[in-house]
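# Examination of the molecular architecture
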Amino acid sequence: MPFYFYGFDWTYVVLVLPCLILSLWASARVNSTFQKYSSAYSIRRITGAQAAQRVLAANGVGGVRIERVSGNLTDHFDPRTNVIRLSDGVYNSTSVAAIGVACHEAGHAVQYAYGYFPIKLRAAIIPLTNFGSKLAMPLILLGLLFSAFGNFSYTLVYVGIACFGLSLVFQLVTLPVEFNASRRAMEAIASGNLLTEDEQRGARKTLSAAAMTYVAATATALAQLLRLLLIFGRRSGRRDD
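Just so it is clear, the structure is predicted and the values come from calculations on it, not from any experiment. (Residues numbered from 1 in each chain as written. Predicted model: local features only at pLDDT ≥ 70, side-chain atom pairs only at ≥ 80, totals over all residues. Heavy atoms only, no water.)

### Observations regarding the overall build of the chain
Within the chain, the secondary structure is distributed over seven helices and five strands. Mapped in sequence order, the helices and strands of the chain form the string β-β-α-α-β-β-β-α-α-α-α-α. Dimensions of the chain along its principal axes, counting C-alpha atoms only, are 70 × 35 × 25 Å. Looking at the 241 residues of the chain, the share that counts as buried comes to 45%. Pairs at least 24 apart in sequence give 71% of the contacts found in the chain among residues at least 6 apart. Here the chain displays about 12500 Å² of accessible surface, and carbon together with sulfur accounts for 63% of that area. Side-chain charges of the chain comprise 22 positive and 13 negative groups, with the mean position of each set lying 1 Å from the other. (Helix = DSSP H or I, 4+ residues; strand = E, 2+ residues; numbered from the N terminus. Buried < 20%, exposed > 50% of the residue type's maximum accessible area, 1.4 Å probe, protein only. Contact = heavy atoms within 4.5 Å. Areas by Shrake-Rupley, 256 points an atom, 1.4 Å probe, with all protein chains shown as cover. Lys, Arg positive; Asp, Glu negative; His and termini not counted. Charge placed at Lys NZ, Arg CZ, Asp CG, Glu CD.)

### Points about the layout of surface pockets
Looking at the largest pocket, its volume works out to about 620 Å³. What lines the largest pocket is a set of 27 residues, and nearest its centre among them are Asp75, His104, Glu105, Glu178 and Tyr214. Elements supplying a minimum of two residues to the lining of the largest pocket: helix H1 (10-38), strand S4 (76-78), helix H4 (96-114), helix H5 (117-145), helix H6 (151-191) and helix H7 (197-240). Take the lining of the largest pocket: its biggest share by element is six residues, from H7. Residues that form the lining of the largest pocket fall into these classes: 16 nonpolar, seven polar and four charged. Every residue lining the second largest pocket is counted, twelve residues in all, and those nearest its centre are Met137, Ile140, Gln224, Arg227 and Leu228. Those elements that place two or more of their residues in the lining of the second largest pocket are H1, H5 and H7. Split by residue class, the lining of the second largest pocket holds ten nonpolar, one polar and one charged. (1 Å grid on protein atoms, 1.4 Å probe; cavity = no way out; pocket = protein on both sides within 12 Å on 5 of 7 lines; lining within 4 Å. Points joined across faces, edges and corners; volume = space filled by probe spheres on them. Nonpolar A, V, L, I, M, F, W, Y, C, P; charged D, E, K, R; others polar.)

### Some thoughts on the sheet that holds S4
Through backbone hydrogen bonds, the strands of a sheet pair up, either in parallel or in antiparallel fashion. Read from one edge to the other, the open sheet built from three strands follows the order S3-S5-S4, with strand pairing classed as mixed. With one partner strand each, in any of the chains shown, strand S3 (65-68) and S4 form the two edges of the open sheet. Ignoring strand direction, the axes of neighbouring strands in this sheet form an average angle of 25°. In this structure, S4 lies alongside strand S5 (residues 83-86), joined through three bridges in antiparallel fashion. (Pairing = 2+ DSSP bridges. Axes fitted to C-alpha atoms, helices over the stretch in contact; angles between N-to-C directions.)

### So, the nonpolar core
Ranked by size, the top nonpolar core spans 37 residues in total, and within it Leu56, Ile84, Cys103 and Ile189 carry the most contacts. Counting only elements with at least two residues in this core, the list comes to H1, helix H2 (48-58), S5, H4, H6 and H7. Of the residues forming this core, the biggest block, eleven residues, is contributed by H4. In this structure Leu56 touches Val61, Val64, Ile66, Ile84, Ala106, Ala109 and Val110, once residues within four positions along its chain are discounted. In terms of nonpolar packing, the next biggest core, distinct from the first, is built from 14 residues, Phe164, Leu168, Leu225 and Ile231 among them. (Core = buried A, V, L, I, M, F, W, Y, C linked by side-chain atoms within 4.5 Å.)

Here's what the structure looks like:
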């Protein structure tokens, strides 16, 4: 079946569009789940910042600051400054969702402190993946523009695709990092008695919803890479004929 039919791109519909729909669903689900459990307050009455500090202490991790950052779901751990930044809805909140998210970010700090390999690898490849993602489309367009001059110019297309593939590598490395941080968070919550068993289910659902956004991002990157290979692989084959 041809990839294009009267200007209609079937590779986009079959490969990319379902992944984009998955991404939209995952984004909506993480927001709705967070909102749901943001109104479920822990009977322990500890805040997100306090919960994160307890996770660090339980793992013997020191020297990590916990700061407040503006925005919604802007929580992250910055390894360059050794700072956990918690959003407005997490830092001072005593909700089940806030505690789950805060402990997850503390889990990233623990990963760095313990030398967890995937997170070290992710940090190491970030400059390369950022550089590659910026070069990918310009190289592909230049390769197409100059392909009339010979096969060497068309090689630029494949270099561009390889650069785009770096984004998939980043997503693949990110998956174990995020899942491991959530596992560490739930173990710390349970062992530290930060939430009751019923509340733990809400925190787990919040983190599971967040994890799906990374799964969707990985699926989208894979679909886009396959689409590029199918489209330009077919064109290369026609040139060789």
